[in-house]
Amino acid sequence: MEQDDIVEDTAAHADRVGDRLRKAREAKGLELEQVAAETRIPHRHLQAIEDGDFASLPSRTYAVGFSRTYARTLELDEREILDQVRAELAEGQPATAASSAKFEPGDPARVPGRGLAWFAVFAAVLLLGGIYAFYSSYFAPGLGPAPLQDPATQVAANEPAQQARPAEAVQPTGGPVVFTSEMDGTWVKFYDAAGERLYEAQMAKGDSYTIPADAEGAQIWTGRPYALAITVGGKSVPKLSEEDEVIRDVPVTAEALLSRDTEPASAPEANEADPATT
(Lines give C-alpha, C1' and ligand atoms only; values in the text may rest on other atoms or scores of the structure.)
Protein backbone atom coordinates (compact mmCIF):
# COMPACT_ATOMS: atom_id res chain seq x y z
CA MET A 1 0.00 0.00 0.00
CA GLU A 2 2.76 2.46 0.93
CA GLN A 3 4.63 1.62 -2.27
CA ASP A 4 1.49 2.36 -4.34
CA ASP A 5 1.12 5.73 -2.59
CA ILE A 6 4.73 6.60 -3.42
CA VAL A 7 4.16 5.71 -7.08
CA GLU A 8 1.00 7.84 -7.22
CA ASP A 9 2.74 10.81 -5.56
CA THR A 10 5.65 10.53 -7.99
CA ALA A 11 3.29 10.45 -10.99
CA ALA A 12 1.35 13.45 -9.69
CA HIS A 13 4.56 15.41 -9.13
CA ALA A 14 5.79 14.58 -12.66
CA ASP A 15 2.66 16.19 -14.10
CA ARG A 16 3.25 19.52 -12.33
CA VAL A 17 3.84 22.58 -14.49
CA GLY A 18 7.50 22.95 -13.47
CA ASP A 19 8.32 19.42 -14.57
CA ARG A 20 6.46 19.91 -17.86
CA LEU A 21 8.43 23.05 -18.62
CA ARG A 22 11.76 21.45 -17.66
CA LYS A 23 11.09 18.37 -19.83
CA ALA A 24 10.10 20.55 -22.79
CA ARG A 25 13.27 22.63 -22.34
CA GLU A 26 15.48 19.56 -22.15
CA ALA A 27 13.76 18.06 -25.19
CA LYS A 28 14.77 21.15 -27.15
CA GLY A 29 18.33 20.87 -25.86
CA LEU A 30 18.21 24.23 -24.07
CA GLU A 31 19.98 25.17 -20.88
CA LEU A 32 18.21 27.30 -18.31
CA GLU A 33 20.71 30.10 -18.97
CA GLN A 34 19.73 30.14 -22.64
CA VAL A 35 16.05 30.48 -21.79
CA ALA A 36 16.84 33.28 -19.35
CA ALA A 37 18.77 35.14 -22.06
CA GLU A 38 15.98 34.73 -24.62
CA THR A 39 13.07 35.67 -22.32
CA ARG A 40 14.88 38.27 -20.18
CA ILE A 41 13.53 36.46 -17.12
CA PRO A 42 16.08 36.09 -14.28
CA HIS A 43 17.60 32.62 -13.97
CA ARG A 44 16.50 32.29 -10.32
CA HIS A 45 12.86 32.94 -11.28
CA LEU A 46 12.93 30.30 -14.02
CA GLN A 47 14.48 27.84 -11.56
CA ALA A 48 11.74 28.63 -9.03
CA ILE A 49 9.04 27.96 -11.66
CA GLU A 50 10.59 24.61 -12.59
CA ASP A 51 10.85 23.71 -8.89
CA GLY A 52 7.20 24.72 -8.32
CA ASP A 53 8.40 27.27 -5.74
CA PHE A 54 6.00 30.09 -6.72
CA ALA A 55 6.19 31.53 -3.21
CA SER A 56 9.72 32.77 -3.90
CA LEU A 57 8.51 34.94 -6.81
CA PRO A 58 7.67 38.61 -6.06
CA SER A 59 3.90 38.13 -6.56
CA ARG A 60 1.19 36.06 -8.21
CA THR A 61 1.33 38.34 -11.27
CA TYR A 62 5.00 37.45 -11.80
CA ALA A 63 4.23 33.71 -11.54
CA VAL A 64 1.50 33.93 -14.18
CA GLY A 65 3.36 36.30 -16.53
CA PHE A 66 6.72 34.50 -16.39
CA SER A 67 5.09 31.09 -16.86
CA ARG A 68 3.25 32.36 -19.93
CA THR A 69 6.46 33.72 -21.48
CA TYR A 70 8.34 30.50 -20.63
CA ALA A 71 5.62 28.34 -22.23
CA ARG A 72 5.55 30.55 -25.33
CA THR A 73 9.32 30.22 -25.74
CA LEU A 74 9.05 26.41 -25.56
CA GLU A 75 6.06 26.43 -27.99
CA LEU A 76 3.72 24.90 -25.40
CA ASP A 77 -0.02 25.56 -25.00
CA GLU A 78 0.00 28.84 -23.04
CA ARG A 79 -3.63 28.57 -21.87
CA GLU A 80 -3.13 25.04 -20.56
CA ILE A 81 0.07 26.04 -18.75
CA LEU A 82 -1.59 29.11 -17.17
CA ASP A 83 -4.58 27.07 -15.98
CA GLN A 84 -2.20 24.64 -14.29
CA VAL A 85 -0.15 27.48 -12.75
CA ARG A 86 -3.29 29.02 -11.26
CA ALA A 87 -4.35 25.64 -9.92
CA GLU A 88 -0.98 25.10 -8.24
CA LEU A 89 -1.03 28.62 -6.83
CA ALA A 90 -4.44 27.91 -5.33
CA GLU A 91 -3.11 24.73 -3.68
CA GLY A 92 -0.60 26.74 -1.66
CA GLN A 93 -3.12 29.32 -0.35
CA PRO A 94 -5.48 29.13 2.66
CA ALA A 95 -9.09 28.26 1.96
CA THR A 96 -10.23 31.79 2.84
CA ALA A 97 -7.93 33.27 0.18
CA ALA A 98 -8.64 30.74 -2.56
CA SER A 99 -11.75 32.50 -3.85
CA SER A 100 -10.13 35.93 -3.85
CA ALA A 101 -7.15 34.57 -5.80
CA LYS A 102 -9.42 34.16 -8.84
CA PHE A 103 -9.55 37.94 -9.11
CA GLU A 104 -6.02 38.52 -10.36
CA PRO A 105 -4.49 42.00 -10.16
CA GLY A 106 -3.63 43.57 -13.47
CA ASP A 107 -6.47 41.83 -15.38
CA PRO A 108 -8.51 44.70 -16.93
CA ALA A 109 -11.31 42.37 -18.01
CA ARG A 110 -12.13 41.64 -14.34
CA VAL A 111 -11.73 45.13 -12.93
CA PRO A 112 -14.97 47.17 -12.47
CA GLY A 113 -15.34 49.81 -15.18
CA ARG A 114 -14.65 53.46 -14.54
CA GLY A 115 -18.26 54.35 -15.37
CA LEU A 116 -19.54 51.98 -12.70
CA ALA A 117 -17.17 53.49 -10.12
CA TRP A 118 -18.32 57.05 -10.88
CA PHE A 119 -21.96 55.96 -10.73
CA ALA A 120 -21.39 54.44 -7.28
CA VAL A 121 -19.78 57.69 -6.05
CA PHE A 122 -22.65 59.77 -7.45
CA ALA A 123 -25.24 57.48 -5.86
CA ALA A 124 -23.46 57.71 -2.49
CA VAL A 125 -23.44 61.53 -2.65
CA LEU A 126 -27.15 61.59 -3.46
CA LEU A 127 -27.89 59.21 -0.61
CA LEU A 128 -25.93 61.27 1.92
CA GLY A 129 -27.58 64.46 0.69
CA GLY A 130 -31.05 62.93 1.03
CA ILE A 131 -30.33 61.70 4.56
CA TYR A 132 -29.04 65.13 5.61
CA ALA A 133 -32.06 66.92 4.12
CA PHE A 134 -34.49 64.51 5.79
CA TYR A 135 -33.01 64.85 9.26
CA SER A 136 -32.61 68.60 8.94
CA SER A 137 -36.26 69.12 8.00
CA TYR A 138 -37.74 66.46 10.31
CA PHE A 139 -35.85 67.08 13.56
CA ALA A 140 -34.97 70.76 13.24
CA PRO A 141 -37.25 72.43 10.69
CA GLY A 142 -36.59 75.90 12.15
CA LEU A 143 -32.81 75.71 11.72
CA GLY A 144 -32.83 76.12 7.95
CA PRO A 145 -31.82 79.35 6.17
CA ALA A 146 -34.08 82.34 6.66
CA PRO A 147 -36.38 83.22 3.74
CA LEU A 148 -35.23 85.94 1.38
CA GLN A 149 -36.76 89.29 2.28
CA ASP A 150 -35.93 90.97 -1.01
CA PRO A 151 -34.99 88.58 -3.87
CA ALA A 152 -33.98 91.43 -6.19
CA THR A 153 -31.56 92.86 -3.62
CA GLN A 154 -30.07 89.43 -2.92
CA VAL A 155 -29.49 88.74 -6.66
CA ALA A 156 -27.85 92.16 -7.16
CA ALA A 157 -25.52 91.52 -4.23
CA ASN A 158 -24.46 88.15 -5.63
CA GLU A 159 -23.67 89.39 -9.15
CA PRO A 160 -20.32 91.11 -8.29
CA ALA A 161 -19.15 88.02 -6.43
CA GLN A 162 -19.99 85.81 -9.40
CA GLN A 163 -18.18 88.15 -11.80
CA ALA A 164 -15.10 88.23 -9.57
CA ARG A 165 -14.97 84.41 -9.29
CA PRO A 166 -11.81 83.16 -11.05
CA ALA A 167 -12.16 80.86 -14.01
CA GLU A 168 -11.80 77.16 -13.31
CA ALA A 169 -8.31 75.79 -13.81
CA VAL A 170 -7.80 74.15 -17.18
CA GLN A 171 -6.57 70.57 -17.12
CA PRO A 172 -3.03 70.28 -18.53
CA THR A 173 -2.95 69.08 -22.13
CA GLY A 174 0.76 68.38 -22.41
CA GLY A 175 4.13 68.44 -20.77
CA PRO A 176 7.11 66.14 -20.35
CA VAL A 177 6.35 62.47 -21.07
CA VAL A 178 8.16 60.22 -18.57
CA PHE A 179 8.27 56.39 -18.59
CA THR A 180 9.28 54.65 -15.32
CA SER A 181 9.98 50.91 -15.05
CA GLU A 182 8.20 49.08 -12.23
CA MET A 183 10.12 45.83 -12.78
CA ASP A 184 13.72 44.73 -13.27
CA GLY A 185 14.87 43.66 -16.73
CA THR A 186 12.31 45.68 -18.75
CA TRP A 187 13.58 45.97 -22.32
CA VAL A 188 12.36 49.08 -24.17
CA LYS A 189 13.26 51.06 -27.27
CA PHE A 190 12.14 54.61 -28.15
CA TYR A 191 12.57 56.04 -31.64
CA ASP A 192 11.22 58.91 -33.73
CA ALA A 193 9.01 58.92 -36.85
CA ALA A 194 12.06 58.47 -39.07
CA GLY A 195 13.14 55.35 -37.17
CA GLU A 196 16.09 57.04 -35.48
CA ARG A 197 16.74 55.52 -32.03
CA LEU A 198 16.18 57.87 -29.10
CA TYR A 199 16.80 55.41 -26.25
CA GLU A 200 17.22 51.63 -25.89
CA ALA A 201 17.98 49.78 -22.67
CA GLN A 202 17.02 47.02 -20.30
CA MET A 203 15.63 49.17 -17.50
CA ALA A 204 15.86 48.23 -13.84
CA LYS A 205 13.06 48.88 -11.39
CA GLY A 206 12.81 52.62 -10.76
CA ASP A 207 14.69 53.66 -13.93
CA SER A 208 12.94 56.37 -15.95
CA TYR A 209 13.27 58.02 -19.34
CA THR A 210 11.88 61.38 -20.53
CA ILE A 211 10.88 61.74 -24.19
CA PRO A 212 12.86 64.66 -25.69
CA ALA A 213 10.66 67.69 -26.30
CA ASP A 214 12.05 68.08 -29.85
CA ALA A 215 11.52 64.43 -30.86
CA GLU A 216 9.30 64.14 -33.94
CA GLY A 217 6.59 61.46 -33.62
CA ALA A 218 8.16 59.51 -30.75
CA GLN A 219 7.19 55.79 -30.64
CA ILE A 220 7.87 52.77 -28.41
CA TRP A 221 8.73 49.07 -28.82
CA THR A 222 8.67 46.77 -25.77
CA GLY A 223 7.56 43.35 -24.60
CA ARG A 224 6.45 44.52 -21.13
CA PRO A 225 4.02 47.43 -21.53
CA TYR A 226 2.45 46.50 -18.20
CA ALA A 227 5.73 47.24 -16.39
CA LEU A 228 5.97 50.88 -17.56
CA ALA A 229 4.26 53.67 -15.58
CA ILE A 230 3.60 56.85 -17.60
CA THR A 231 3.18 60.50 -16.62
CA VAL A 232 2.44 63.48 -18.85
CA GLY A 233 3.28 66.83 -17.33
CA GLY A 234 3.52 65.11 -13.94
CA LYS A 235 0.04 63.59 -14.30
CA SER A 236 -0.33 59.79 -14.39
CA VAL A 237 -2.00 58.30 -17.47
CA PRO A 238 -3.06 54.68 -18.12
CA LYS A 239 -0.41 52.17 -19.12
CA LEU A 240 -0.10 51.18 -22.77
CA SER A 241 -1.33 47.67 -21.87
CA GLU A 242 -1.86 45.45 -18.83
CA GLU A 243 -1.15 42.28 -20.84
CA ASP A 244 2.11 40.39 -21.34
CA GLU A 245 2.43 41.23 -25.03
CA VAL A 246 4.77 42.84 -27.54
CA ILE A 247 3.76 46.33 -28.71
CA ARG A 248 5.55 48.24 -31.46
CA ASP A 249 5.22 51.55 -33.33
CA VAL A 250 2.88 52.92 -30.62
CA PRO A 251 2.91 56.77 -30.50
CA VAL A 252 4.02 58.13 -27.12
CA THR A 253 3.73 61.88 -27.67
CA ALA A 254 1.83 63.85 -25.02
CA GLU A 255 -1.07 64.42 -27.44
CA ALA A 256 -1.33 60.72 -28.34
CA LEU A 257 -1.21 59.54 -24.71
CA LEU A 258 -3.81 62.06 -23.49
CA SER A 259 -6.24 61.47 -26.37
CA ARG A 260 -6.30 57.68 -26.35
CA ASP A 261 -8.90 55.57 -24.57
CA THR A 262 -8.18 53.53 -21.45
CA GLU A 263 -8.11 50.37 -23.60
CA PRO A 264 -4.66 49.11 -24.70
CA ALA A 265 -3.28 51.41 -27.36
CA SER A 266 -2.18 48.69 -29.76
CA ALA A 267 -2.45 44.94 -30.15
CA PRO A 268 0.71 42.91 -30.82
CA GLU A 269 1.58 42.48 -34.47
CA ALA A 270 0.91 39.09 -36.00
CA ASN A 271 3.83 36.72 -35.66
CA GLU A 272 5.88 39.57 -34.14
CA ALA A 273 9.04 38.39 -32.45
CA ASP A 274 9.48 39.18 -28.80
CA PRO A 275 11.88 42.16 -28.64
CA ALA A 276 13.71 40.50 -25.75
CA THR A 277 14.90 37.81 -28.16
CA THR A 278 16.26 40.25 -30.73
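Residues numbered from 1 in each chain as written. Predicted model: local features only at pLDDT ≥ 70, side-chain atom pairs only at ≥ 80, totals over all residues. Heavy atoms only, no water.

1. Re the pairing of strand E2 (residues 186-191)
Now for step 1: Across the six residues that make up E2, a large majority, six, are buried.
Now for step 2: The side-chain alternation of E2 yields two buried faces, one formed by Thr186, Val188 and Phe190 and the other by Trp187, Lys189 and Tyr191.
Now for step 3: Across six bridges, the pairing between E2 and strand E3 (residues 197-203) is antiparallel. Bridging from a neighbouring strand, Trp187 pairs with Gln202 of E3.
Now for step 4: Judged from the four bridges that link them, E2 and strand E5 (residues 219-222) form a sheet pairing that is antiparallel. Bridge pairing links Tyr191 to Gln219 in E5. (Buried < 20%, exposed > 50% of the residue type's maximum accessible area, 1.4 Å probe, protein only. Helix = DSSP H or I, 4+ residues; strand = E, 2+ residues; numbered from the N terminus. Pairing = 2+ DSSP bridges.)

2. Side note on a nonpolar patch on the surface
Now for step 1: On the surface, a cluster of nonpolar side chains totalling about 540 Å² of accessible area is made up of Leu127, Leu128, Ile131, Phe134 and Tyr135.
Now for step 2: Summarising the element assignment, Ile131 is placed in helix H8 (residues 114-139). (Patch = residues over 30% accessible without salt bridge, like charges linked within 9 Å, V, L, I, M, F, W, Y side chains within 5 Å. Areas by Shrake-Rupley, 256 points an atom, 1.4 Å probe, with all protein chains shown as cover. Salt bridge = Lys/Arg side-chain N within 4 Å of Asp/Glu carboxyl O.)

3. Some thoughts on the pattern of salt bridges
Now for step 1: Within this structure, the stated rule accounts for 10 salt bridges.
Now for step 2: A salt bridge links Glu200 to Arg197; the nearest nitrogen and oxygen atoms lie 2.8 Å apart.
Now for step 3: Among the ionic contacts, a cluster of salt bridges with common partners joins Asp19, Arg22, Arg25 and Glu50.

4. Quick notes on the environment of Gln47
Now for step 1: Relative to the helices and strands, Gln47 is located in helix H4 (residues 43-50).
Now for step 2: Expressed as a C-alpha distance, the spacing of Gln47 and Leu32, which sit 15 residues apart in the sequence, is 7.7 Å.

5. As for the sheet that holds E3
Now for step 1: The strand order across the open sheet built from four strands is E3-E2-E5-E8, with neighbouring strands paired in antiparallel fashion. Strand pairing shows two members of the sheet lacking a second neighbour, E3 and strand E8 (247-251), which therefore form its edges. When strand polarity is set aside, the average angle formed by the axes of neighbouring strands in this sheet is 15°. (Axes fitted to C-alpha atoms, helices over the stretch in contact; angles between N-to-C directions.)

6. Some points on the UniProt feature "transmembrane region" (unreviewed entry) in the protein chain
Now for step 1: UniProt's feature table lists "transmembrane region" (unreviewed entry) at residues 116-135, given in the numbering used throughout.
Now for step 2: Between the end C-alpha atoms of residues 116-135 the distance is 29 Å, and the span holds 100% helix and 0% strand. (UniProt positions renumbered as here; feature names shortened; annotations may be inferred.)

7. Topic: the nonpolar core
Side chains of a nonpolar character, in soluble globular proteins, are inclined to be buried together.
Now for step 1: Residues Leu21, Leu46, Ile49, Phe54 and Tyr70 are the most contacted members of the largest nonpolar core, which totals 26 residues.
Now for step 2: Of all the secondary-structure elements, those providing two or more residues to this core are helix H2 (17-27), helix H3 (32-39), H4, helix H5 (60-73) and helix H6 (78-91).
Now for step 3: Considering every element that reaches this core, the biggest residue donor is H5, with five residues.
Now for step 4: If we ignore the near neighbours within four places in the chain, the residues touching Leu21 are Ile49, Tyr70, Ala71, Leu74, Leu76 and Ile81.
Now for step 5: Of all hydrophobic cores here, the second largest spans 20 residues; its members include Met203, Tyr209, Ala218 and Leu228. (Core = buried A, V, L, I, M, F, W, Y, C linked by side-chain atoms within 4.5 Å. Contact = heavy atoms within 4.5 Å.)

8. Some points on H4
Now for step 1: Along H4, the residues classified as buried are His45, Leu46, Ala48, Ile49 and Glu50.
Now for step 2: Buried residues along H4 sit in contact with H2, H3 and H5.
Now for step 3: Of the residues flanking the end of H4, it is Gly52, one or two places downstream, whose phi is positive at about 75°.

9. Overview of the packing of aromatic side chains
Aromatic ring pairs: the centre-centre distance and the angle between the two ring planes describe each pair.
Now for step 1: The tally for this structure, following the rule as stated, stands at six aromatic pairs.
Now for step 2: The interplanar angle of 85° and the centroid separation of 5.4 Å between the aromatic rings of Trp187 and Trp221 together place this pair among those described as edge-to-face. Taken together, the residues Trp187 in strand E2 and Trp221 in strand E5 connect sequence positions 34 residues apart.
Now for step 3: Given the relative accessible area of 10%, Trp187 is considered buried. (Phe/Tyr/Trp six-rings, centres within 6.5 Å; stacked < 30°, edge-to-face > 60°.)

10. What about unusual backbone geometry?
Now for step 1: At Arg40, a position not held by glycine, the phi torsion is positive, near 65°.
Now for step 2: Structurally, Arg40 is set in the loop between H3 and H4.
Now for step 3: Classification of Arg40 as partly exposed rests on a relative accessible area of 27%.
Now for step 4: Although it is not a glycine, Asp249 adopts a positive phi angle of roughly 60°.
Now for step 5: With respect to the helices, strands and loops of the structure, Asp249 is situated in strand E8.

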